Amino acid sequence: MNRRGQETTAISDNSYRQPELRDGEEEGPHAIPVDRHIGSSSLARYGAMAFPLAFVGLPIYLHAPDFYAVSLQLPLATLGSVLLALRLVDAVQDPFIGSLSDRFHTFRSAILAFGTVLLGAGFWMLFHPVASAPVLWFAISVLICTTGFSVVSINFQALGGLWRTTSGQRTRITASREAIGLIGLLIAAVTPPVLMQVVGATEAFHWLSLVYLPLLCGTLWLLVRWMQNAPLDVPANQGQRESWLPLLKNRWRALFFGLVFLNTFASAVPAVLVLFFIRDRLDAEAYTGLFLLIYFLAGALSMPLWTTAARKFGKLRAWQFSLAAAIFTFCWAALLQEGDLVAYGVVCAFSGLALGADLALPPALLADHIEADGRQQEASKLFSVMAFQSKAALAVATGLALPLLGLFGYHPNVDMTPQLNFMLSVTYAGLPCIFKLAALGGLVIFEKDLEIGKLTS
């Protein structure tokens, strides 16, 4: 085996060197080509699955509780308790799914198909309830749906990390994937309300399910077809997987996942409070949909910007830029008063720009690390950590932000006093600034530790 075919050499516990890759070089008896210039067709076939994955979230967590409360007269408190318990199960099972996916990676197509069946079946069941046991049916449907979602999304992200390409192209992969996902999220926000106005809730979600199932199957077919010809790294050492504790005690991974959680938590707080802030602080409830549209559209449109910034300045520096922009934006948001609609629209646009970086850059950095440290056999496990962090951050933000405001006497949709206005602004925008600033400080202080070497662009 020549030099390129050898396993990447670790220079230290937190610094790795990747040999320069040349087109046409051999890599031992099972050469894996390097996809240096990924075409739009490959990006589309791989990234298409992001659309149905992103689309499904709003119907499950936003529309389904309302659907069951209105159609079957179930108490919202009961539905909320069921969803909270299922969110905890969903988060805890992610690392387990990641471990199993790595162990049986040779059956990844079958794993993806299994997850797709669960996701599609759960989604159909959710909006076709059994009237005799609605709460149990709701819980089982959501559990099946979210389990399928986790199986597909963890393996889907791992495939992006295993795509054998250059460092610069990895940013294109994650940016394209997340842009498609944001488009799916936008359409999920618009389609159900429009359908419900035309045919009513029951018929609307019946037709939505009918359309969703072939969409899900079609994107799975595209992904599997892409996998058949894609240059994917395969684990070199099948029997040498680390347990969780040694894997996460590695300095690079400990720093990276710690900073990712700080940043994810900082973003989760305003996500939990955004509807309250718009309605009770800005008195602009009628414009909620427009603000969310600006936010997600800005995130999707920002992907080429962050791809270019990562190529020019490096992924870590580009991430620092995005955090600085987010801090400035939230500081401004904390100063907004009732009726500042245009200013908040600008805040949504700049927050969306930062969202694009949060979605595109950390997964690309993790993919670089997997390549540099030879962790292909644990790719799913490492990406499952990010999935767990995202869900855990949202749960912690929900459990912290709302009770904190409650301590000061805030209740949604009540008359606001100057003190309540101040506390809502501080919690919605000031608290994220603190955690974003901590994440930015960590990226600056530990920049040398987080460098993965000079990787080919």
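Throughout this document, residue positions are counted from 1 along each chain, in the order its sequence is written. This being a predicted model, a pLDDT of at least 70 is required before a residue's local features are given, and a value of 80 or more before pairs of side-chain atoms are given or counted; all residues contribute to the totals for chains, interfaces and linings. Values shown for side chains rest on all heavy atoms present in the structure; no hydrogens or waters enter the calculation.

## Regarding the overall build of the chain
Numbering goes from the N terminus for both helices and strands, where a helix is a DSSP run of H or I of at least four residues and a strand is a run of E of at least two. When helices and strands are counted, the chain shows 17 helices and 0 strands. The buried share of the chain, reckoned over its 457 residues, is 53%. Across the chain, the fraction of contacts at a sequence separation of at least 24, relative to all contacts at a separation of at least 6, is 83%. With residues, only the protein chains shown are counted as cover, and all accessible areas are computed by Shrake-Rupley using a 1.4 Å probe. In the form shown here, the chain has an accessible surface area of approximately 20000 Å², with 67% of it arising from carbon and sulfur atoms. Relative accessible area decides the class of each residue, using a 1.4 Å probe on protein chains only: under 20% of the type maximum gives buried, over 50% gives exposed, and in between gives partly exposed. Here a residue-residue contact requires only that any non-hydrogen atoms of the pair lie within 4.5 Å.

## Overview of the nonpolar core
Phe 138, Leu 223 and Trp 226 are the most contacted members of the largest nonpolar core, which totals 44 residues. Counting residues per element, the ones that place at least two in this core are helix H1 (40-47), helix H2 (50-55), helix H3 (57-71), helix H4 (76-103), helix H5 (108-126), helix H6 (134-162), helix H7 (167-199) and helix H8 (201-229). Here this core gets 8 residues from one element, more than from any other, and that element is H8. With residues up to four places along the chain from it excluded, the contact list for Leu 223 reads Arg 45, Tyr 46, Met 49, Leu 112, Phe 156 and Leu 159. Nonpolar core, defined: a set of buried Ala, Val, Leu, Ile, Met, Phe, Trp, Tyr and Cys residues in which side-chain atoms within 4.5 Å join the residues together.

## Some words on the side chain of Ser 351
Topologically, Ser 351 is positioned in helix H14 (residues 341-372). For Ser 351, a relative accessible area of 12% corresponds to the buried category. Within the structure, Ser 351 has its side chain in polar contact with the backbone oxygen of Val 347 (distance 2.8 Å). Any pair of nitrogen or oxygen atoms within 3.5 Å is treated as a polar contact; in protein, a donor-acceptor pairing is required on top of that, and neighbouring residues in sequence qualify only through side-chain atoms on both sides.

## Structural notes on H5
Expected span of a helix, by definition, is 1.5 Å for each gap between consecutive residues, and there is one gap fewer than residues. With 19 residues, H5 should cover 27 Å at 1.5 Å per step; its first-to-last C-alpha distance of 27 Å lies within 8% of that length. Within H5, the full set of buried residues consists of Arg 108, Ile 111, Leu 112, Gly 115, Thr 116, Leu 119, Gly 120, Gly 122, Phe 123, Met 125 and Leu 126.

## What to know about the packing of helix H12 (residues 303-313) against H14
Between the N-to-C directions of two axes lies an angle of 0 to 180 degrees, each axis being a line fitted to C-alpha atoms and, for a helix, fitted only over the stretch in contact. For the pair H12 and H14, interaxial distance at closest approach is 9 Å and the crossing angle is 60°. Between H12 and H14, the angle is such that the two are oblique. When you trace H12 past H14, the crossing you get is right-handed. Across the interface between the two elements, Met 303, Trp 306 and Ala 310 from H12 touch Leu 353, Gly 356, Ala 357, Leu 359, Ala 360 and Leu 361 from H14. Here the word oblique covers every angle except those under 35 degrees (roughly parallel), over 145 (roughly antiparallel) and from 65 to 115 (roughly perpendicular). Left-handed describes a crossing whose near helix is turned anticlockwise from the far helix by less than a right angle; the clockwise case is right-handed.

## Overview of the environment of Asp 358
With respect to the secondary-structure elements, Asp 358 resides in helix H14. Placed 36 residues apart in sequence, Asp 358 and Ser 322 show a C-alpha to C-alpha distance of 7.9 Å. Contacts of Asp 358, omitting those with residues within four sequence positions, involve Asn 263, Ser 267, Trp 319, Ser 322, Pro 363 and Lys 436. Side chain to side chain, Asp 358 and Lys 436 meet in a polar contact 3.2 Å long.

## Some details on the confidence of the model for the chain
Detailed reading of the predicted coordinates is not advisable wherever pLDDT falls low. A residue's pLDDT is simply how confident the predictor is in it, with values from 0 to 100. Per-residue confidence for the chain gives a mean pLDDT of 84, with 89% of residues at or over 70. Considering each helix and strand of the chain separately, the mean pLDDT is smallest for helix H9 (residues 244-249), with a value of 77, and largest for H5, with 95. Every residue in residues 1-30 is under pLDDT 50, and counting partners more than four places away or in other chains gives 46 contacts. Note on residues 453-457: pLDDT is under 50 here. Beyond four places in sequence and across chains, it has 11 contacts.

## With respect to the pattern of salt bridges
Every case where a carboxyl oxygen of Asp or Glu lies within 4 Å of a side-chain nitrogen of Lys or Arg is listed as a salt bridge. Within this structure, the stated rule accounts for 15 salt bridges. The partner of Arg 164 in a salt bridge is Asp 233, with the nearest N and O atoms 3.3 Å apart. With Arg 164 in the loop between H6 and H7 and Asp 233 in the loop between H8 and H9, this residue pair connects regions lying 69 residues apart in the sequence. As far as the burial class goes, Arg 164 and Asp 233 line up, both buried. Close ionic contact of Asp 280 with Arg 279 constitutes a salt bridge, the shortest N to O distance being 3.2 Å. Judged by relative accessible area, which is 10%, Asp 280 ranks as buried. Here the residues in one salt-bridge network are Arg 164, Arg 170, Asp 233, Lys 315, Asp 368 and Glu 371, joined through shared partners.

## Looking at the environment of Lys 448
Relative to the assigned elements, Lys 448 resides in helix H17 (residues 447-450). Sequence separation of Lys 448 and Leu 316 is 132 residues, and the distance between their C-alpha atoms is 10.0 Å.

## Topic: H3
For an α-helix, the turn length of 3.6 residues means that residues three or four places apart are oriented alike. Between its terminal C-alpha atoms H3 stretches 20 Å, which fits the 21 Å expected from 15 residues at 1.5 Å a residue. Contacts made by the buried residues of H3 are with H2, H4, H5, H6, H7 and H8. A positive phi of about 60° marks Gln 73, the residue just after H3.

## Quick word on the packing of helix H10 (residues 251-281) against H14
It is at 12 Å that the axes of H10 and H14 come closest, and there the two elements cross at 155°. Taken together, the axes of H10 and H14 lie roughly antiparallel to each other. As H10 packs across H14, the resulting crossing turns out to be left-handed. Only Tyr 344, Asp 358, Pro 362, Leu 365, Leu 366 and His 369 of H14 make contact with H10, whose side of the interface consists of Trp 252, Arg 253, Phe 256, Phe 257, Val 260, Asn 263, Ser 267, Val 274, Phe 277 and Ile 278. Here the contact of H10 with H14 is built from residues that sort into 11 nonpolar, 3 polar and 2 charged. All amino acids are sorted into three groups, where Ala, Val, Leu, Ile, Met, Phe, Trp, Tyr, Cys and Pro are nonpolar, Asp, Glu, Lys and Arg are charged, and the leftover types, Gly among them, are polar.

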